[in-house]
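A structural walkthrough
Letter by letter, the chains look like this.
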Amino acid sequence: MLNKDMDNIFIDLTSKNNHYNCLESQGSWLFHRFGKRNFLEEEINFNYLKKYLQKVKPKQITLYSVLGDPFEYSRIFDLLFFCKRNRINVYINTNGYSKKIKKALDYNLDVCIKTFGYTKSLNTIVPDQDSKTFFKNLKLDYKNNLKIQYMLYEQNLCDVIGIIEFCESNNIKLEFIPGSCVGNNINHIIDKDGKWLYDISGIDQYNLNDI
């Protein structure tokens, strides 16, 4: 039996993604460390999702994809329109690389962008990505509804002061999180084809409170 008027529902919309990050589930899972994992690109049936939301009537939905990115959902704007019409708040977690973000802000979203670096270090942690679009999206007007999660590695500590100053000047919430490692306080940067590029270091030897 479904509970009525739920406060918040977490929804993984799709496994589609326009951005490859070897440090996340696309490229790093249990003993997989060999480039992009081979998985199907699938997504939730929008009509089923809409019927479910109509039954449980949540106050908020949180969109968080393990393998994909919510903005790659083919019916994302239909979902945002439905939620706006039904007064459902939308909290969306994204990698920040989608060109759909600007249009989506018309729906008064709460947005969380997870980043692995800033101006000096982003291409070191996630090389060969569309950083131009990422930085353009950071500068959009989120109406004070943006939060940045900054994943800390030794190689991106050089940008800590810069991201703090950027967030303070734009009234953006900022959270620092230790980046994941796979052992011995390191992780591996590996391209889609499984080619090892170099290792990066965690921050076990640093005091996060000092940062």
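Below or above, wherever it landed, is the structure these notes cover. (Residues numbered from 1 in each chain as written. Predicted model: local features only at pLDDT ≥ 70, side-chain atom pairs only at ≥ 80, totals over all residues. Heavy atoms only, no water.)

What to know about the pairing of strand S6 (residues 173–178)
Heads up, the rule is: Two strands are said to pair when DSSP picks up at least two bridges between them. Every helix listed is a DSSP run of H or I at least four residues long, and every strand listed is a run of E at least two residues long, numbered separately from the N terminus. Here is how to tell: hold the view so the strands point away, follow the path from the first strand over the helix to the second, and if it runs clockwise the crossover is right-handed.
Pairing between strand S5 (residues 146–152) and S6: six bridges, direction parallel. What sits directly across from Met-151, in S6, is Ile-177. The handedness of the S5 to S6 crossover, carried by helix H6 (residues 160–169), is right-handed.

A short note on the packing of aromatic side chains
Quick note on the threshold: Note on ring pairs: Phe, Tyr and Trp rings are taken, using the six-membered ring of Trp, and paired if centres are within 6.5 Å. Classes follow the plane angle, with under 30 degrees stacked, over 60 edge-to-face and the rest tilted. The buried label applies to any residue whose accessible area, calculated with a 1.4 Å probe on protein chains only, is under 20% of its type's maximum; exposed applies above 50%, and partly exposed to all values in between. Ring-over charges, as used throughout, are those where CZ of Arg or NZ of Lys falls within 6 Å of the ring centre and within 35 degrees of the ring normal.
All told, the structure shown has six aromatic pairs when counted by the stated rule. Both rings, one in Tyr-97 and one in Phe-134, keep their centres 5.1 Å apart while their planes meet at 35 degrees; by these two values the pair is tilted. With Tyr-97 in the loop between strand S3 (89–94) and helix H3 (101–104) and Phe-134 in helix H5 (residues 131–138), this pair connects stretches of sequence that are 37 residues apart. Take Tyr-97: its relative accessible area is 6%, and that puts it in the buried class. Consider the rings of Tyr-118 and Phe-166, whose centres lie 5.9 Å apart with planes at 40 degrees: the pair is tilted. Highlighted residues: Tyr-118 in the loop between strand S4 (110–115) and helix H4 (122–125) and Phe-166 in helix H6, separated in sequence by 48 residues. Among the aromatic residues, those joined into a cluster by ring pairs are Tyr-97, Tyr-118, Phe-134, Phe-135 and Phe-166. In this arrangement the basic side chain of Lys-103 is found over the ring face of Phe-77, its NZ or CZ atom lying 4.6 Å from the centre.

Things to note about the pattern of salt bridges
Pairs can form between side chains of opposite charge whenever their charged atoms are close. Rules: By salt bridge we mean one thing: a side-chain nitrogen of Lys or Arg within 4 Å of a carboxyl oxygen of Asp or Glu.
The tally for this structure, following the rule as stated, stands at five salt bridges. Of the charged contacts, one joins Lys-59 and Asp-7 as a salt bridge, the two residues approaching to 3.5 Å between their closest N and O atoms. A residue pair is termed long-range when its members are at least 10 positions apart, and Lys-59 in the loop between helix H1 (46–56) and strand S2 (60–63) and Asp-7 in the segment before strand S1 (8–11) qualify at 52 residues. The partner of Glu-43 in a salt bridge is Lys-16, with the nearest N and O atoms 3.8 Å apart. Here Glu-43, found in the loop between S1 and H1, pairs with Lys-16, found in the loop between S1 and H1; they are 27 residues apart in sequence, far enough to count as distant. Glu-43 gets classed as partly exposed once you look at its relative accessible area, which sits at 30%. Judged by its relative accessible area of 25%, Lys-16 falls in the partly exposed class.

So, the pairing of S5
Across the seven residues of S5, six count as buried, placing the element largely inside the fold. When S4 meets S5, the two strands line up parallel, connected through five bridges. When the bridges of S5 are listed, Cys-112 appears paired with Lys-147.

Digging into the nonpolar core
Under the convention used in this document: Throughout, nonpolar core names a set of buried Ala, Val, Leu, Ile, Met, Phe, Trp, Tyr and Cys residues whose side chains join them through atoms within 4.5 Å.
Formed by 44 residues in total, the largest nonpolar core has its most connected members in Ile-61, Leu-63, Ile-76 and Leu-79. Tallying contributions element by element places helix H2 (residues 76–85) first for this core, with six residues. Listed in part, the nine residues of the second largest apolar core include Tyr-20, Cys-22, Met-151 and Tyr-153.

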